[in-house]
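# Structural features, examined
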Amino acid sequence: MEKRRPEILAPAGNPEKLEAAVRSGCDGVYLGLKELSARSYAGNFSTDELREAVKYCRARNVKTYLAMNTLVTDDELPHTVQLIKEAAKTGIDAVIVQDLGILKIWREVCPDVKLNASTQMTVTDISGEKAAAKLGITRVVLPRELSEKEIEIMNAGIVDTEVFIHGALCVSVSGTCLLSSFIGARSGNRGKCAQPCRLDSVCKGRHYALSLKDMSLIEKLPELEKAGVSSLKIEGRMKRPEYVSEAVSDSVKSLNGENFETETLKNVFSRQGFTDGYFTGKRNISMFGHRSKDDVENSGSEFGKIHENYRRERQSVKISFFLSEEEKNGEKFAVLTASDGKNTVSAEEKCGVNEYGKNLISSKLNKTGGTIYIPENIVCPEKIRISPGQISDLRRKVLDSLTEKREKIPDRKINDFNLVLNSACRKNIDDIRLRFEKTEQIFDRSEKIILPIDEIISNPHISEKYFVSAELPFVTFPSDEENLKVKLEKLKSAGITDVYADNISNAYLAAEKGFKVHGGHGLNVLNSVAASEYGKLGIDDLTSSVELNFEKFKMMRSRCDIPLGIICYGHIPLMTFRSCPARTEKGCSGCTGLSDLNDRTGRIFKIICRNKKFSQLLNSEPLFVEKDKLPPSDFQTLYFTYETKEECEHIYDLFIKGKTIEGKKTRGLYYRELL
């Protein structure tokens, strides 16, 4: 893949922020519609406003990326198709997607629009990039959690890469957070995150244990360019235009090798300063911080000064002027032609009596202040019979015409998308699967068993007694991928044929290695089109997202062309951490692998360690739905984590008998309308 200077990609939450980004020197902007945007609380754009934004950017050599990076349900698909058709006509350069259903619709409706994988798709390693490429994706937005070395690994030439260089850090790996959903039915996967992680929570005596400082890699842009990154992305569609302007300006200076300082940007917005902990691999408690009173008080002091940076139009388009005198039907005309190298326009004025010299005429043509144009070449005769006022009129006419040409939206063929309904009449299948954390939890009446891959490798003879499937890591980072391949070979040697994958990377890798792949709930599948796309990647069946309510589950299953199951019990993982909140100043020393986190309401969540590669926040209350209250499904999973063997068996017996468990429990989002 040809190496080129990376673009600086800026957030544009509304037209004012768009203007601030472009006038400050960005190469591209990403923006959302008022629907299907992962930042639904930003102002965003209607389709008409989006079209005008694209025209504005095209005139200024700035690319536009539409963020349609949310998940949709089957009942929302018809409207989604219509919205995509309208958006495709606006002239956007690319679309950023999370949902494989939305991806497929875009691919068929408008193949001319490039497809970018959102960081919410959780493409965390080379196998994920291969899966993305197979789906038609040309660029992947990498997880914020990668180190410099891992970013280099991901630039293997399979797809282009985009890296976040400044802005907010979610403590959970992107695409793996359900905390806002389970607390308030406001889904981060659908752009409605309530950010409960920013509220005070306590772990091992440390407050705000789920809040990270903002990241800043602006000083590292030369290193990222050297690593082969295609796009340098600034987070912040919901932040002020002054923030956008300053972040873009600093990034331009850094990439150009110019001096800059980030103190102004820190004052505009930060959470007790910035961190580069993921990039450097120093994932310790210094990464944590929250929005303090001092941070708020410092922010207002910089706004006026920054506003001056983008108050005026930025001259960025080089042009040439050619002025000549021509005769038409016995009359003399002054003809002014302007060219930007691709587009050429002309205008004319009837000549007068008086002659004016070249220097005066050139000075008038040079007056392009307040426009986007910079005259780099002016050709005109030594003398011409046209007044300075006429020259100014000609200049305005040709520049207006040139802008109109530059703004022109390309014609694109828009195809129909046929929402084929499977409408299969499928009965309930009594297929119970039991997911255990440890082998010692297994009881004698266990049926189909799912165990973490490391637990199976440590107990290779378990498959002689039970039908065992291996659960692959919830996330796999580039530094661990080769090790996972070795473990998969060990599974084969032990006769294990089935694996569970909760991310696109491991699903693709396992299918490539010849395993029967079961898609876990971590894939966040909410619609049948997405399910079908995962099927094409080699997935045999799917556990639906725990964000999908039962009415919409029934609709999805009736249209699905692969089997679809439900998690019926479990302390559901709500967050996945690479910077563990349970870590202390001593690191992992003294940690048992199971820690408590208390939120401000008194709820106690468990943080469970996954072999020191990552950790997960488990819901404080177990999800439980009685067997007779389930909709028809192809299989049902009981998801055990830290329960004892006796507790596992007791819960299983209650479920089989159609009874409920004792104590506090939740039905999650199965009976709620997800926002």
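What comes next concerns the included structure. (Residues numbered from 1 in each chain as written. Predicted model: local features only at pLDDT ≥ 70, side-chain atom pairs only at ≥ 80, totals over all residues. Heavy atoms only, no water.)

## Observations regarding the side chain of Ser-147
- With respect to the helices, strands and loops of the structure, Ser-147 is situated in the loop between strand 6 (139–141) and helix 6 (148–154).
- By relative accessible area, Ser-147 is classed as buried at 12%.
- Residues contacting Ser-147, with those up to four places away along its chain left out, are Tyr-278, Phe-279 and Arg-578. (Helix = DSSP H or I, 4+ residues; strand = E, 2+ residues; numbered from the N terminus. Buried < 20%, exposed > 50% of the residue type's maximum accessible area, 1.4 Å probe, protein only. Contact = heavy atoms within 4.5 Å.)

## As for the sheet that holds strand 27 (residues 604–610)
- Sheet architecture is open: five strands sit in the order 8-26-27-28-25, paired in antiparallel fashion. Edge positions in the open sheet fall to strand 8 (201–202) and strand 25 (573–577), since each of these has one partner strand only. (Pairing = 2+ DSSP bridges.)

## Topic: helix 3 (residues 77–88)
- For helix 3, built from twelve residues, the straight-helix expectation of 16 Å at 1.5 Å per residue is met to within 8% by its first-to-last C-alpha distance of 16 Å.
- Turning to helix 3, its buried residues are Leu-77, Thr-80, Val-81, Leu-83, Ile-84, Lys-85, Ala-87 and Ala-88.
- At its buried positions, helix 3 is contacted by helix 2 (47–59), strand 3 (63–68), helix 4 (100–109) and helix 19 (528–536). (Expected span 1.5 Å × (residues − 1).)

## Topic: the sheet that holds strand 12 (residues 317–328)
- Taken in spatial order, the four strands make up an open sheet running 14-13-12-16, and their pairing is mixed. Each edge of the sheet is formed by a strand with only one pairing partner; in this case those strands are strand 14 (344–350) and strand 16 (373–379). Neighbour-to-neighbour, the strand axes of the sheet open up by a mean angle of 30 degrees, direction not taken into account.
- Packing against the sheet, helix 14 (residues 358–365) makes contact with strand 12, strand 13 (331–339) and strand 16, and its axis sits at approximately 160 degrees to strand 16.
- In the packing of helix 15 (residues 388–407) onto the sheet, contacts are made with strand 12, strand 13, strand 14 and strand 16, and the angle to strand 14 comes to roughly 155 degrees. (Axes fitted to C-alpha atoms, helices over the stretch in contact; angles between N-to-C directions.)

## What to know about the nonpolar core
- Counting 174 residues, the largest nonpolar core has Val-29, Met-68 and Trp-106 as its most contacted members.
- Leave out the neighbours within four places in its chain, and Val-29 touches Leu-9, Ala-10, Ala-12, Leu-18, Ala-21, Val-22, Cys-57, Val-62, Lys-63, Thr-64 and Tyr-65.
- Judged by nonpolar contacts, the second largest core, of 23 residues, contains Ile-319, Ala-347, Ile-361 and Tyr-373. (Core = buried A, V, L, I, M, F, W, Y, C linked by side-chain atoms within 4.5 Å.)

## Quick notes on unusual backbone geometry
- Unusually for a residue other than glycine, Gln-272 sits at a positive phi of about 60 degrees.
- Unlike most non-glycine residues, Asn-329 shows phi in positive territory, near 55 degrees.
- For Asn-329, the position within the fold is in the loop between strand 12 and strand 13.
- Taking relative accessible area as the criterion, Asn-329 reaches 82% and is therefore assigned exposed.

## Points about the pairing of strand 27
- Summarising the sheet, strand 26 (residues 594–599) and strand 27 pair through five bridges and their orientation is antiparallel. Considered in strand 27, the bridge of Leu-597 is made with Phe-605.
- One ladder, built from five bridges, connects strand 27 with strand 28 (residues 614–618); its direction is antiparallel. Note that in strand 28 the partner of Arg-610 across the bridge is Phe-614.
- In this structure, the hairpin formed by strand 27 and strand 28 is closed by a connection of three residues, where Asn-611 is found at a positive phi of approximately 55 degrees.

## Here's the deal with the packing of aromatic side chains
- A full pass over the atoms with the stated rule returns eight aromatic pairs.
- Relative to Phe-655, the ring of Phe-624 has its centre 6.4 Å away and its plane inclined at 85 degrees; by these criteria the two rings are edge-to-face. Placement of Phe-624 in strand 29 (residues 623–624) and of Phe-655 in helix 21 (residues 645–656) is noted, with a sequence separation of 31 residues between them.
- A relative accessible area of 1% places Phe-624 in the buried class. (Phe/Tyr/Trp six-rings, centres within 6.5 Å; stacked < 30°, edge-to-face > 60°.)

## What about the packing of helix 5 (residues 126–134) against helix 18 (residues 504–512)?
- Packing of helix 5 against helix 18 leaves a shortest axis separation of 7 Å and a crossing angle of 85 degrees. Between helix 5 and helix 18, the crossing angle belongs to the class labelled roughly perpendicular. In this structure, helix 5 uses Ser-127, Gly-128, Lys-130, Ala-131 and Lys-134 to contact helix 18, whose residues at the interface are Ile-504, Ser-505, Tyr-508 and Leu-509.
- Tallied by class, residues from the contact of helix 5 with helix 18 come to four nonpolar, three polar and two charged. (Parallel < 35°, antiparallel > 145°, perpendicular 65-115°, else oblique. Nonpolar A, V, L, I, M, F, W, Y, C, P; charged D, E, K, R; others polar.)

Worth remembering: the numbers are spatial, not functional.
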